[in-house]
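The lines below spell out each chain.
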Amino acid sequence: MASYPYQIKNFEEYQQAYNQSVVDPEGFWGNVAEHFLWRKKWDKVLEWNFKDPDIKWFQGGKMNITENCLDRHLATLGNTPAIIWEPNDPEERHRILTYRELYNKVCQFANVLKNNGVKKGDRICIYMGMIPELAIAVLACARIGAIHSVVFGGFSAQSIADRIQDAQCNLVITCDGAFRGNKDIPLKSVIDDALMACPSVKKVIVCTRTRTPISMLKGRDVWWEDEIKQVETMGNPPCSAEEMDAEDMLFILYTSGSTGKPKGVVHTCGGFMVYTNYTFVNTFQYKPGEVFFCTADIGWITGHSYILYGPLSAGATTLLFEGVPTWPDAGRLWDITDKFRVTTLYTAPTAIRSLMGFGLGPVNHKDLSSLKKLGSVGEPINEEAWHWFKDHIGKGKCPIADTWWQTETGGHMITPIAGITPEKPGYATLPLPGVQPILVDENGKEIQGNGVNGNLCIKFPWPGMLRTTYGDHERCRKTYFATYENLYFTGDGCMRDEDGYYRITGRVDDVLNVSGHRIGTAEVENAINMHAGVVESAVVGYPHDIKGQGIYAYVICDTNPSKDAELTKKDIIQTVSRIIGPIAKPDKIQFVSGLPKTRSGKIMRRILRKIAENELDNLGDTSTLLDPAVVDEIKRGRL
Ligand code: PRX
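Predicted, not measured: the structure shown is a model, and the values here were computed from it.

Rules behind the numbers
Residues numbered from 1 in each chain as written. Predicted model: local features only at pLDDT ≥ 70, side-chain atom pairs only at ≥ 80, totals over all residues. Heavy atoms only, no water. Helix = DSSP H or I, 4+ residues; strand = E, 2+ residues; numbered from the N terminus. Polar contact = N/O pair within 3.5 Å; in protein donor to acceptor, adjacent residues only side chain to side chain. Contact = heavy atoms within 4.5 Å. Axes fitted to C-alpha atoms, helices over the stretch in contact; angles between N-to-C directions. Parallel < 35°, antiparallel > 145°, perpendicular 65-115°, else oblique. Nonpolar A, V, L, I, M, F, W, Y, C, P; charged D, E, K, R; others polar. Buried < 20%, exposed > 50% of the residue type's maximum accessible area, 1.4 Å probe, protein only. UniProt positions renumbered as here; feature names shortened; annotations may be inferred. Near = heavy atom within 4 Å. Pairing = 2+ DSSP bridges. Salt bridge = Lys/Arg side-chain N within 4 Å of Asp/Glu carboxyl O.

## With respect to the side chain of Thr 210
Relative to the elements of secondary structure, Thr 210 occurs in the loop between strand S11 (203-207) and strand S12 (221-223). A polar contact is formed between the side chain of Thr 210 and the backbone nitrogen of Gly 177, at a distance of 3.3 Å. Side-chain polar atoms of Thr 210 contact the side chain of Thr 212, separated by 2.4 Å. Filtering out sequence-adjacent residues up to four positions away, Thr 210 remains in contact with Asp 176, Gly 177, Ala 178 and Phe 179.

## Observations concerning the packing of helix H1 (residues 11-23) against helix H2 (residues 25-33)
As a packed pair, H1 and H2 sit with axes 5 Å apart at the nearest point and diverge in direction by 120°. Between H1 and H2, the interaxial angle falls into the category oblique. Packed against H1, whose contacting residues are Ala 17, Gln 20, Ser 21, Val 22 and Val 23, the element H2 presents Pro 25, Gly 27, Phe 28 and Asn 31 at the interface. Of the residues in the contact of H1 with H2, the class split is 5 nonpolar, 4 polar and no charged.

## Observations regarding the environment of Ile 611
Inspection of the secondary structure assignment puts Ile 611 in helix H18 (residues 605-612). Residue Ile 611 is classed as buried on the basis of its relative accessible area, which comes to 0%. In sequence terms Ile 611 and Glu 442 are 169 residues apart; their C-alpha atoms lie 24 Å from each other. Ignoring any residue separated from it by four or fewer positions in sequence, one finds Ile 611 in contact with Tyr 554, Leu 616, Leu 619, Val 631, Ile 634, Lys 635 and Arg 638.

## A few points about the UniProt feature "domain: AMP-dependent synthetase/ligase" (unreviewed entry) in the chain
Under the feature "domain: AMP-dependent synthetase/ligase" (unreviewed entry), the UniProt entry names residues 71-461. The annotated region residues 71-461 carries 30% helix and 22% strand content, and the separation between its end C-alpha atoms amounts to 30 Å.

## So, the site of the ligand
Surveying the vicinity of the ligand reveals 17 residues, the closest of which are Asp 402, Thr 407, Asp 492, Arg 507 and Arg 518. The separation between a nitrogen atom of the ligand and a polar side-chain atom of Asp 402 is 2.7 Å. For the shell around the ligand, the secondary structure elements donating two or more residues are helix H11 (301-313), strand S20 (400-403) and strand S25 (502-507). Looking at the shell around the ligand residue by residue, the class counts come to 6 nonpolar, 6 polar and 5 charged.

## Some details on the sheet that holds S25
Pairing within the open sheet is antiparallel, and its 4 strands lie in the order S21-S22-S24-S25. Either end of the sheet is taken by a strand with one partner, and the two such strands are strand S21 (437-440) and S25. Taken over all neighbouring pairs, the strand axes of this sheet differ in orientation by 45° on average, direction set aside. Inspection of the sheet shows strand S22 (residues 452-458) paired to strand S24 (residues 488-496) by 6 bridges, in the antiparallel sense.

## Focus on the pattern of salt bridges
Applying the stated criterion across every chain, the model contains 39 salt bridges. Two residues, Arg 39 and Glu 243, come together in a salt bridge whose shortest N-O distance is 3.5 Å. One end of the pair, Arg 39, is in the loop between H2 and strand S1 (44-49); the other, Glu 243, is in the loop between helix H9 (224-233) and strand S13 (244-245), with 204 residues separating them in the sequence. Linking Lys 188 and Asp 192 is a salt bridge whose minimum nitrogen-to-oxygen distance equals 2.7 Å. Of this pair, Lys 188 and Asp 192 both sit in helix H8 (residues 187-195), 4 residues apart, which is roughly one turn of the helix.

## Some thoughts on the sheet that holds S12
Spatial strand order, S12-S11-S8-S6-S7-S14-S15-S23: 8 strands in an open sheet with mixed pairing. Among the strands making up the open sheet, the edge pair consists of S12 and strand S23 (468-469). Looking at chain direction, strand S7 (residues 147-150) and strand S14 (residues 249-255) are connected through 2 bridges and run parallel. Of the residues in S14, the one forming a bridge with His 148 is Phe 251. Packing against the sheet, helix H6 (residues 132-144) makes contact with strand S6 (123-127), S7, strand S8 (171-175), S11 and S14, and its axis sits at approximately 175° to S6. On the sheet, H11 packs against S7, S14 and strand S15 (263-268) and is oriented at approximately 140° with respect to S14.

Right, dumping it as C-alpha cells:
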C-alpha cells in the first residue's frame, strides 16, 4: 500500500513544514524527494537565480517519471485501478485499467513510438479526446524520453500548426474523432489541415474512437491498432524506461500571454514529479483506496498534474471522464460520483455555475455520500458558487480546496489543505510549504502587513516551476522575471486580508480567463483583424455569469457594416473559431468608428473595459485622448 510520510496531518504540522521549507528549503525538498525512485540520487537539491533565470532542482539525479508512476507500484498495487475511464455516453461500458494493465499498455505503446523512429528529446504533438489512450500516449512519451506537447481538442488547425512549428514536432498522435456531449469532433481532419503547414511532421499515429471516415495518407499516417499488433507479433518485448536527468525536459504546454503568440511552457522531469506528487497528496489529503475525480481536460495543465502525474505517482485511482458535465443531462457528474464512489471531486467554478443554473433537480436524489473532499481550480470562485458547492454537493461536510496556481507553476501554490488548514469562501487562503508569496506595488516595492492589495509575486523557487519557454529563453525572462527584480511575477492581482489569507482578484495583464481557459486579448484581436474588412479591433473582458469573464470586442470596419451587422458579426466569430478555436469566440461584438487612443496611439483599454463592464459614470480622465468624442459614441452603442 502506498504511504506518504510527507503528508501533513494537522495544522501544527503544516506550520512546522512551512517554517522548515523557508528556513531550509533544500533540506525540506530533499526529504520529500527521498520517497521517490531515483536511478541515481541528485548531487545538489537546488541551484538558482531569477535573473537569467536559471533554476535547477535535484541536479545530477537520474530517474524516469514513469518508473515512479508505474513500475514502483506493481508489486503492491498491480491489481489496483490506476485509471477508471467513464465514456461520454453513459450507455457505453466504462473501462478500468489496473496499474499492471496501464504499465503493460504504456510499454507497448512506447515500443510503437520506438518502431516509428521516436528518440529521446523528440517533440511529439498529442491531439486526442479524453480516452485512456491519451494517458497511455503521454506516459509512453515520458517512458522513452520524448517530450510531449498536448494540444487541447478545442483548438483550431491554425493553432495546432503554430504549436507544432514552434516545437518542431516530428510525430503527431491523434484520434479519428472525439465524442464530447452531443458533438463529434473531427480530430484527424483538423490535424490534416494543420499539417499542410508543418513539414517537420513525418508520422501520424491515429487511434480509433468515433469511426468517422478519415483520410489516411500513405507513408505518413498509421493506425494505432495496427502498430500495436506489430509489437504483439514481436512478442510484446518489455520497454525499459529511458534514464532521464532530473532537469531534462518532460513536456511543453502552450499557454496564452499578453502578446499574440502563445508560449511553450517547459517543465522538467524531477521537479515536476516531486511537486505534483507532494501537492496532490497534501492538498487533497489522498488516502489509499480513494477515488479521485478531476474534471479537467488533459489538454490543460490541471489534467497533466492532477489527472496523470500527481495521482499516478502517488499510486492513486484517478478517474478520466470523456464527456461534459451537462450531457445527457446536468446530473452527469453526480451519476459518475455515485457510480464509482468518488471521494474527491476537483472541478472549475465555471462548471459549478453552469450546473447551478439547472437548479437542484439534477442533484436531488443522487447519492453523493462517498464524497469527502472538494476542489476548485482555474479562476476566482464567487461566494455563491462556493456555498452551492459546499452545501449541495459536499452536503456541508466536505472541505473545499480553492487551489490557486498556473500552467507555469506546475502545481498548487496557494490553497487550503483539505480539512487541515482553514478555508474561507473566495479565498485561496495560505501558501503550501515551499511557496513564498509576496505582494508588490507598481514599482516592485514589497507591501507588508495585512489588509493590503498588490501584484502577486513569488520570491523563492519551488520544484514545479517552469524552467523556460521553449525555444525562447529571453521571452521567459521578460515575461516572468523582468517586471520585478529577483521575483517571479504571476500576472495576478491579489489581496491579503486581515487574517493573512490570500484572495486572487484576477489578472492584471491583458490575459482573459474565459470558463477557466486562458486567452490573450492580443491573440483574439489578431484573429479578428484577419477578417476581411476589419481595420482594427480591441478586445477586453467583462463579467459573465457562467464563464467568469466574457469576451467583448470593439471592431472598426472599412465600410459601415450596419446593413448586415448581424451577419458580419457571425462571420467574424467564424474567423476567430478558424484561427484560434471555438473557445476564443467573442460573446459581444460592437462596431465602432474609432477607438479611444492616447496621442501616442495607445489604445486606452481601461476605458473600454469600464464600458464593457457598464461602469459608464466612472471612466476616469478622458481629456488626454486624441478624440474624446469617440468615447460618447462607444457608450451609446454599448451592447
Ligand atoms: O488568474 C489565475 C487563474 O488562472 C490563471 C492561470 O491559468 P492557467 O495557467 O490556465 O492555469 C489554470 C489551472 C491552474 C491564474 O494566473 N486562477 C487559477 N486558479 C485560480 C485562479 N484564480 C483564482 N483562484 C484560483 N483558484
